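Breakdown of the fold
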Amino acid sequence: MSLLGQQVLRLHCLLLLLSVVCCTPPEDPIKCSKGNSNCTITNSYGTFPDRSVCRAGAAAYPATEEELITIVANATRNGLKMKVATRFSHSIPKLVCPGRDDGLLISTKLLNKVLNVDAAAMTMTVGSGVTLRDLISVAANAKLALPYTPYWWGLTIGGLLGTGAHGSTLWGKGSSVHDYVTGLTIVSPGTAADGFVKVRRLKEGDEELNAARVSLGVLGVISQVTFKLEPLFKRSITYVTKNDSDLGDEVLSFGRKNEFADITWYPSQQKAVYRVDNRVASNTSGDGLYDFIPFRTTTSLTLALIRTTEENQESSNDADGKCFGAKFLSGFLSTSAYGLTNNGILFTGYPVNGYQHRLQSSGTCLDSLPDAYITACAWDHNVKGEFFFQTTFSVALSVVKDFIQDVQNLVKLKPKALCGVELYNGILMRYVTASNGYLGKQEDAVDFDITYYRSKDPLTPRLYEDILEEIEQLAVFKYGALPHWGKNRNVAFEGAFAKYKNGQEFLRVKKVYDPLGLFSSEWTDQVLGLKGGLTIVKEGCALEGLCRCTEDIHCAPNKGYFCRPGNIYKDARVCTRLNSTKPLILKTTATDGDEGLPVKGLAVAGKLCCLGYGQGKPPASHLRFGSVGGPVIKRDFQGSAGSNNPKFSSTDTSNPLSAPAPPRPAPHCSPPTLGAASQPASQPEAQHPKPQKSNLLLLSRSLALW
């Protein structure tokens, strides 16, 4: 890593450590050009997995259940598609996209009131737009607590129920928030006899509540939710760092032994950070606070410098720079106790003891006044900051050791491969248990949360693209992992619905609640197995997780990335960077613009070619290139010999190409020898013969293989 990159990292760490609550909170994800009509919606990251723009005809902001009922009735009467939008729209997939551009977005932003707290019964009823932070705070004021929650408090209650969000535990009812719901009101379309709206108030014992616990928003709009809480309690947290050599053996026993256990794994550093976290007596001294450092405000300038550094590392294949940065940042977080303080100000040592509401969740970058984006949450799309993928899945406890060992074997093959993941604080491993929710977790499992770099250019591969794709496919296809409904790329959802034993029961309830599918969209129909199209096959689709590659063109062959089997999971199909020193042969026919004669060409090592004249004059040219005995990609070519800007469009891939005999040289052009052809593609272009411009086709460097 460059000296500048090291300085940027140190500046970033310092600013995180010294940050105060002063930053621009995320804006409303709904944007309308005419009042509340002609709208678009995005997520908090500004981009969906397929980079599409979600449009809607209008948006509505009910503040009461009565207003919500009227809105749903009117939309149903008019046959409008509807989708629920939350305050921060934190889900990555296209859950909020209506089925049509004239659809209606129903925001729960103003359904943000705590409706009832019954301290004696230890229950709380809230509007679906209440944030997790507000629920935690109000419960604590009543000396109550929700025992297990996500670590990020910028989620609304309706949103976290819709996606099955969770904390970490193998104890009690488990870590999924929806398993602590005892009552729920949902507003759905109705018949004309119903006034075009139906209000259902579900309670424990109602079988349909298990469908509504995790609904993906396809059953209607959740209006109110009632939770069963516990008396407020204290916890004690200590982080312990160990070598990861026995992680597969430790993972199960550690989760059983510690109530709020989780593990942060740094595979390339061969270490794991164990969170030893349990309840303690309420009279235990300590008033600890957890303000997780990556969830704090950061200056926009620092974010831009960090992103620029990462982009430069990617473009220059600087794995060493990423590994240096990962070690530096993980060391900083460890020294800073990840944001824990013993008294709300300073960290003086482990254990950190404190009340549940001060330790269970954080996100202070949301709690602020606008400052014109001088500072922001790190992933706010209004500034140049983090831009990433999140691959998150749950692997059953029965096979999690084998999965961990497979990942470790991949790291042995390519030790630097996951340094990029470690720049985003490694792999977070949380514990989840089997749920009563039809679309909840099906068995006790470990949830792996993996965040990693995403290019602004959808056709640009990542460093170690193949390793991350193989881990994703290992989990989902070899080990049958379940995807997190609120995260992930399209690939993780392939065949997911079939893994839910009560999936058909959920669809039965869906048909009753919304027979016309007004709350469904193309995306939800795809993930629920009701229609095809979840896999989007096009050039570069595997780079974005829109498909599993089956052809080289699904990767980035012009940048040296080809579709190949996995390194250890041979059924995987991943985009692998090839550094072949074999001759790279390009056969092409093109029309000579000067003399109107067809021209044949030969490219060596992905560089410029020499051309010779052939017979006939094809009306359209065709390109075919690849390495000898290796990948072949076909391209249609438009242009003439001597063109500096030939145009190509992909058609498909083919079988490996055998080296052809060199074409007859054109005047003033000497074909390269096999000795020259065997030089690595990364050699300077000057090593290759420079053909004459006259009667020659100069191929774009975008065709050069790495």
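Residues numbered from 1 in each chain as written. Predicted model: local features only at pLDDT ≥ 70, side-chain atom pairs only at ≥ 80, totals over all residues. Heavy atoms only, no water.

Going by what an unreviewed UniProt entry lists, the protein is known as L-gulonolactone oxidase and is assigned to Parasponia andersonii. Here is the UniProt Catalytic activity (unreviewed entry) comment for the protein, exactly as written: "L-gulono-1,4-lactone + O2 = L-ascorbate + H2O2 + H(+)". UniProt annotates the protein under Pathway (unreviewed entry) with the comment "Cofactor biosynthesis; L-ascorbate biosynthesis." (UniProt positions renumbered as here; feature names shortened; annotations may be inferred.)

Mapped onto the elements of the fold, Ser188 is located in strand β9 (residues 181-189). Judged by its relative accessible area of 0%, Ser188 is buried. Leaving out residues up to four positions away in the same chain, Ser188 has contacts with Val72, Val197, Lys198, Arg200, Leu219, Gly220 and Tyr513. (Helix = DSSP H or I, 4+ residues; strand = E, 2+ residues; numbered from the N terminus. Buried < 20%, exposed > 50% of the residue type's maximum accessible area, 1.4 Å probe, protein only. Contact = heavy atoms within 4.5 Å.)

Let's shift gears to the environment of Trp265. For Trp265, the position within the fold is in strand β14 (residues 262-266). When sequence neighbours within four positions are dropped, the list of residues in contact with Trp265 reads Asp244, Leu247, Lys271, Ala272, Ile404, Val407, Gln408, Gly426, Ile427, Met429 and Phe448. Polar contacts involving the side chain of Trp265 include one to the side chain of Asp244, which spans 2.9 Å. (Polar contact = N/O pair within 3.5 Å; in protein donor to acceptor, adjacent residues only side chain to side chain.)

Inspection of the entire model under this criterion finds seven disulfides. A disulfide bridge connects Cys549 with Cys563, and the sulfur atoms are separated by 2.2 Å. Across the S-S bond of Cys549 and Cys563 the torsion is about 80°, and the bridge reads as right-handed. Here Cys563 lies in strand β25 (residues 561-565) and Cys549 lies in the loop between α14 (522-527) and β25, a separation of 14 residues in the sequence. A residue is classified by how much of its surface remains accessible, and Cys549, at 1% relative accessible area, is buried. (Disulfide = S-S within 2.5 Å.)

Another aspect to go through is the sheet that holds strand β7 (residues 123-127). Judged by pairing direction, the sheet is antiparallel, and its five strands sit side by side in the order β6-β7-β11-β9-β10 without closing on themselves. Strands with a single pairing partner mark the edges of an open sheet, and in this sheet they are β6 (114-118) and β10 (197-203). Ignoring which end each strand starts from, the neighbouring axes of this sheet average 10° apart. For β6 and β7, the ladder comprises four bridges, and the chain directions are antiparallel. (Pairing = 2+ DSSP bridges. Axes fitted to C-alpha atoms, helices over the stretch in contact; angles between N-to-C directions.)

As a further point, take the pairing of β9. Most of β9 is tucked away, with nine of its nine residues classed as buried. Looking at chain direction, β9 and strand β11 (residues 221-228) are connected through six bridges and run antiparallel. Note that in β11 the partner of Leu184 across the bridge is Val225.

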